[in-house]
Amino acid sequence: MAWITFDDYKDKYEHIKLERDEDGILLVTFHTDGSDVVWGVGVHDNVSSLWDDISRDRGNRVVIITGAGDTFIDKEAPIENKNWVTPEIWLGLHHDAKRLVLGHLDIEVPMIAAVNGPARYHNEQALLCDIVIASEDAVFADHAHFSQGNIPGDGMQIIWPLVIGLNRGRYFHLTGQEITAQQAYEWGAVNEVVPKDQVVTRAYELARMLAAKPTLTLRSTRMLMVNELKKTMNDAVSHGMMTEGLVAMGEGWNPSPLTGPELAAGVKTPA
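Thresholds, definitions, all that
Each chain carries its own residue numbering, running from 1 in the written order of its sequence. Whole-chain, interface and lining totals are the exception, using all residues; otherwise, since this is a predicted model, local features are given only for residues with pLDDT of at least 70 and side-chain atom pairs are given and counted only at 80 or more. Remark: hydrogens and water are excluded; side-chain values derive from all non-hydrogen atoms of the structure. Labels follow the DSSP assignment, with helices taken as runs of H or I lasting at least four residues and strands as runs of E lasting at least two, numbered in each case from the N terminus. Residue contacts follow a heavy-atom distance rule, with two residues in contact if any of their heavy atoms lie within 4.5 Å. Partly exposed residues are those whose accessible area sits between 20% and 50% of the maximum for their type, while under 20% is buried and over 50% is exposed, using a 1.4 Å probe and protein chains only. Any pair of Phe, Tyr and Trp rings, taking the six-membered ring for Trp, is counted once the centres come within 6.5 Å. Such a pair is stacked with planes under 30 degrees apart, edge-to-face with planes over 60 apart, and tilted for the rest.

(A) Seen up close, unusual backbone geometry. Phi at D33 takes a positive value of approximately 55°, unusual for a residue other than glycine. With respect to the helices and strands, the residue D33 is situated in the loop between strand 2 (25-30) and strand 3 (38-39). A positive phi angle, close to 45°, is found at H122, a residue other than glycine. The topology assignment puts H122 in the loop between strand 6 (111-115) and helix 3 (124-127).

Structural data, given as structure tokens:
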């Protein structure tokens, strides 16, 4: 592996702001034009490449990920051409989707998710972290897959049943269920729920505690803790994304954000 420095990639990404302090704590903020991120091909490409850069930089000791504005990842760019999916395009998406998950798990330092608001898209990026801190207004759902006529083959089919239980996870995907931050905490998907303005602050408190540990201890512990998950994801994401691609091409899939009656039809967890 060729090692790199922070200067090599700190200004590289259009949709990601990177800040690192003297303790080696790297803050990763997803954004679109400086505000709430709108997930699309550009963000997908940025994040799948970013994890590899972070893993190759020995100056990183702890990584915090969060979203700009009031959401973590809660918006998705509509794609109007329903015939956009071809085998060639999906092969590229298949590669990037694997890096979104496996690249994340290849990072050999602890990762903390500071979920600063609703996260109805790609919340696997938070749940793959070692510690998940959520704001009181955070909401978790999967509006990118089954609700829109495709399958959750990009790792979502593994991570949710893993963190909240098999039957709850399957119900979550099949019904479009929305899970509040408090419910996610009670079910084990989230470690702490804090006021919105304290999410990143609390993440930094934990990060400083971790960053004070010896480097070998820090890195070796992270590697041990994600080892079994990496094995599972390695098989599941490759197969899942190929299956998702078949469905996308077969159905003329046209992903677009849910609105109005469709969104209202989603199952919300009772208080």
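(B) Here's a closer look at the side chain of D53. Counting through the fold element by element, D53 comes out in helix 1 (residues 41-55). Setting aside residues up to four positions removed in sequence, D53 forms contacts with I4, Y9, K12 and Y13.

(C) The arrangement of the environment of K98 in detail. Looking at where K98 falls in the secondary structure, it is placed in helix 2 (residues 87-106). The partly exposed category is assigned to K98, whose relative accessible area is 24%. Between the C-alpha atoms of K98 and G240, which are 142 residues apart in sequence, the distance is 9.9 Å.

(D) Expanded view of the packing of aromatic side chains. One pass over the structure, following the stated rule, counts five aromatic pairs. For the pair F6 and Y9, a centre-to-centre distance of 5.5 Å together with 85° between the ring planes defines the contact as edge-to-face. Here F6 matches Y9 in class, with each residue buried. Here the aromatic rings of F140 and W160 are separated by 6.0 Å at their centres, their planes lie at 65°, and the arrangement is edge-to-face. Taken together, the positions of F140 in strand 8 (residues 139-140) and W160 in helix 4 (residues 156-164) put the pair 20 residues apart, joining distant regions of the chain. For the pair F140 and W160, a shared accessibility class is recorded, and that class is buried. By the ring-pair criterion, three or more aromatic residues cluster together here, those being F30, W51 and F72.

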